[in-house]
Amino acid sequence: RYEREFRLLRFADTAGLGTSVVDSLVSFPPLALRSVTLGVNATTSTRARIFAACARPELSHVRIWQAHIHPDNYYLTICDATNV
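The following refers to the structure shown. Since the model is a prediction, treat every value here as computed from it, not as a measurement. (Residues numbered from 1 in each chain as written. Predicted model: local features only at pLDDT ≥ 70, side-chain atom pairs only at ≥ 80, totals over all residues. Heavy atoms only, no water.)

When the charged atoms of two side chains lie near each other, side chains of opposite charge can form a pair. Taken as a whole and judged by the stated rule, the model has two salt bridges. When the shortest N-O distance is used, the salt bridge between Asp80 and Arg63 registers 3.6 Å. Remark: Arg63 occurs in strand S2 (residues 63–69) and Asp80 occurs in strand S3 (residues 76–80); sequence separation between them is 17 residues. Among the residues examined, Asp80 registers a relative accessible area of 21% and is labelled partly exposed. Note on Arg63: relative accessible area 42%, which makes it partly exposed. (Salt bridge = Lys/Arg side-chain N within 4 Å of Asp/Glu carboxyl O. Helix = DSSP H or I, 4+ residues; strand = E, 2+ residues; numbered from the N terminus. Buried < 20%, exposed > 50% of the residue type's maximum accessible area, 1.4 Å probe, protein only.)

Quick look at the structure:
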């Protein structure tokens with residue numbers, strides 16, 4: 001909450017998605033979405049869906065990042081996902 005961000009979003013077309021599954025579905029203007037960070041364990045399917053969704057003209061400004069486990073230290077590195 002203190003970071004004022006969402007940690008998890010689901011695709012609206014997810015089968016069975018409704019208020020019994022999630023607290024609420026929220027509409028927001030496309031310009032409010034600035035970036036998406038894919039977690040270390042994001043699947044190829046999830047990655048493809050995020051890239052496809054952000055290919056829409058109204059989301060072309062969205063930066064996509066990918067988290068990676070640092071090979072030598074106990075922390076994550078965040079890289080531009082378009083260069084991965």
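The rest of the description comes next.
With that settled, consider the pairing of S3. Regular strands have side chains that alternate between both faces of the sheet. As judged from the five bridges shared by S2 and S3, these two strands associate in the antiparallel manner. Counted as the bridge partner of Gln66 is Cys79 from S3. Taking the residues between adjacent antiparallel strands as the criterion, S2 and S3 are bridged by six residues. (Pairing = 2+ DSSP bridges.)

So, on to the sheet that holds S3. Ordered in space as S1-S2-S3, the three strands form an open sheet in which the pairing is mixed. Strand pairing shows two members of the sheet lacking a second neighbour, strand S1 (35–38) and S3, which therefore form its edges. Taken pair by pair, the neighbouring strands of this sheet meet at an average axis angle of 30°, ignoring direction. (Axes fitted to C-alpha atoms, helices over the stretch in contact; angles between N-to-C directions.)

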